[in-house]
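# Overview (structure and organization)
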Amino acid sequence: MESKPVIPGRDTLLVAEGRATAAAIRAEKPDGPWSREDLLTVFDQLKPTGYLGSTIDRQHGGSGLALGQFASLLEGLATEVPFLSNHSVQRFIVGAGSPEVRELVLPGLLDGTRIGSVAITEPHGGSSIREMRTTVVPDGAELVLNGSKDWVTHAMTADTAAVLCSDEQENPVRVIVDLYAPGVTRIPLHAHGLRHLTFGSLQFDDVRIQRWRVLEEDGVAGAKAGLGIARTLVAVQAVALGFRALVDATEHLATRTVRGSRVIDLDLTSGRVGALAAELQGARLLAYHAIEAVEAGQEAAAAMASGAKAHACAVAVRACSELVSTCAGHGLDRTSRLGDYRDDAEMLGTADGTGLVNHIIWGSYLKKHLGECF
Ligand SMILES: Cc1cc2nc3c(=O)[nH]c(=O)nc-3n(C[C@H](O)[C@H](O)[C@H](O)COP(=O)(O)OP(=O)(O)OC[C@H]3O[C@@H](n4cnc5c(N)ncnc54)[C@H](O)[C@@H]3O)c2cc1C
């Protein structure tokens, strides 16, 4: 195209850098789940891109990227290796960590020699973050952690987890936990998408925690702020998967003929390609719009992040599902990866809150402000 649409906040050079890095990673490591050693190599490859230091100020050892720039990098990476994660705990520590946690835990996360994870979801249900049953209570000079968390990304490979729990006064707090400490058990979960990564449960049985590991914040407020950023990042990644499926499917349909015509040249195909591309581009615009709102600290930012995430994932799953079926046998052949894109997009739809929950958050805000949308 001579004139590509410009999306405010989207850095096309970083998208391209993300795509090139992702292609190199995928070429070396086609199958998963990746071991800890594999992942450390991947994060080492990502170091020059600024991935590990993301939006953290340079004075705190970060990469100083704007959120739109970081999202652009993740958008590029998502075409081959979506949802690599391991960038949030650094931000939590810089925002609310004690001097000890900054000195002892942060450097390894920033230099890619340690892997961080986020543990919020509990076995009784992950949609309400105000009902934590995991507890951290005083025990002598230290604290003791008990409970369990489900669906933790990098559960089997991470060194550290930011665990949301309740303290002795039932206040929500987040604790930076060493996952090699006695009393921590990891149980793998076998997911049907994002198969390059591990997911699983973390069980904490009388895990001793030094007091300096508690973040100095309201735990729910901290978790919600983290989720706002995470949701915008998931949104751009879901759209990237949808576009990747669209590109792969149209390339395949150019090789198929029916009644003497290439399938790609049929009006029906052009119409569907146009409709899917419009939906995906609209979802991408909303995602970068939410990113701008988060960066500017707008009142609507959290709700927009939820709305953009729910919409992007729904559009991406719909596009990938339709393209799997349009490509018929090819779509059902594992080597085509179209089914993987669909499964990965579906996983993104539930990560950081289901589509329904995020639509509720967006709708609850929007219904009070609908007049301003016209
Ligand atoms: C790929 C992936 C990565 C993830 N990574 C992490 C991670 O790193 N750390 C972590 O802590 N968690 C993680 N999760 C868990 C994720 O955050 C939860 O799965 C999600 O929040 C939903 O929780 P749940 O699965 O327990 O669903 P539940 O809370 O059990 O919800 C069940 C159903 O109830 C619906 N529901 C919820 N609220 C309402 C309502 N008000 N009205 C009607 N219906 C409602 C939901 O939409 C859902 O359909 C991950 C999940 C996935 C899929």
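Residues numbered from 1 in each chain as written. Predicted model: local features only at pLDDT ≥ 70, side-chain atom pairs only at ≥ 80, totals over all residues. Heavy atoms only, no water.

## Overview of the site of the ligand
Taken together, 23 residues lie around the ligand, and Val118, Ile120, Thr121, Gly126 and Ser127 are the ones closest in. A distance of 2.7 Å is found between an oxygen atom of the ligand and a backbone nitrogen or oxygen belonging to Gly126. The side chain of Thr354 places a nitrogen or oxygen atom 2.7 Å from an oxygen atom of the ligand. For the ligand, the protein covers 66% of the area, taking 990 Å² as the surface of the free molecule. Mapped onto the shell around the ligand, the elements with two or more residues apiece are strand E1 (116-119), strand E3 (142-153), helix H11 (338-350) and helix H12 (355-366). With 4 residues, E3 is the largest single contributor of residues to the shell around the ligand. Of the residues belonging to the shell around the ligand, the class tally is 13 nonpolar, 8 polar and 2 charged. (Near = heavy atom within 4 Å. Polar contact = N/O pair within 3.5 Å; in protein donor to acceptor, adjacent residues only side chain to side chain. Areas by Shrake-Rupley, 256 points an atom, 1.4 Å probe, with all protein chains shown as cover. Helix = DSSP H or I, 4+ residues; strand = E, 2+ residues; numbered from the N terminus. Nonpolar A, V, L, I, M, F, W, Y, C, P; charged D, E, K, R; others polar.)

## Comments concerning the nonpolar core
The biggest cluster of nonpolar side chains holds 80 residues, and the ones touching the most others in it are Tyr51, Leu84 and Phe204. If you tally residues by element for this core, the top one is helix H7 (residues 219-253), at 12 residues. Apart from the residues lying within four places of it in its own chain, the contact partners of Phe204 are Thr134, Leu145, Asn146, Gly147, Lys149, Val163, Val177, Leu179, Gly183 and Val184. One finds Val89, Phe92, Ile93 and Trp212 within the second-largest nonpolar core, a separate group that totals 15 residues. (Core = buried A, V, L, I, M, F, W, Y, C linked by side-chain atoms within 4.5 Å. Buried < 20%, exposed > 50% of the residue type's maximum accessible area, 1.4 Å probe, protein only. Contact = heavy atoms within 4.5 Å.)

## Digging into the domain arrangement of the chain
Here the domain parsing of the chain yields domain 1 (12-110), domain 2 (115-217) and domain 3 (220-368). Centre-to-centre, using C-alpha coordinates, domain 1 lies 21 Å away from domain 2. Each partner contributes residues to the interface: domain 1 has 27 residues there, and domain 2 has 24 residues. Buried area between domain 1 and domain 2, summed over both chains or domains, comes out near 2100 Å², and the portion from carbon and sulfur atoms is 69%. Looking at the side of domain 1 facing domain 2, the largest losses of area belong to Arg36, Phe92 and Ala96, adding up to 25% of the total buried there. Across the contact surface, domain 1 and domain 2 share 1 salt bridge. Of the charged contacts, one joins Asp159 and Arg36 as a salt bridge, the two residues approaching to 2.7 Å between their closest N and O atoms. (Domains from an automatic or database assignment. Buried area = accessible area lost by both parts, 1.4 Å probe. Salt bridge = Lys/Arg side-chain N within 4 Å of Asp/Glu carboxyl O.)

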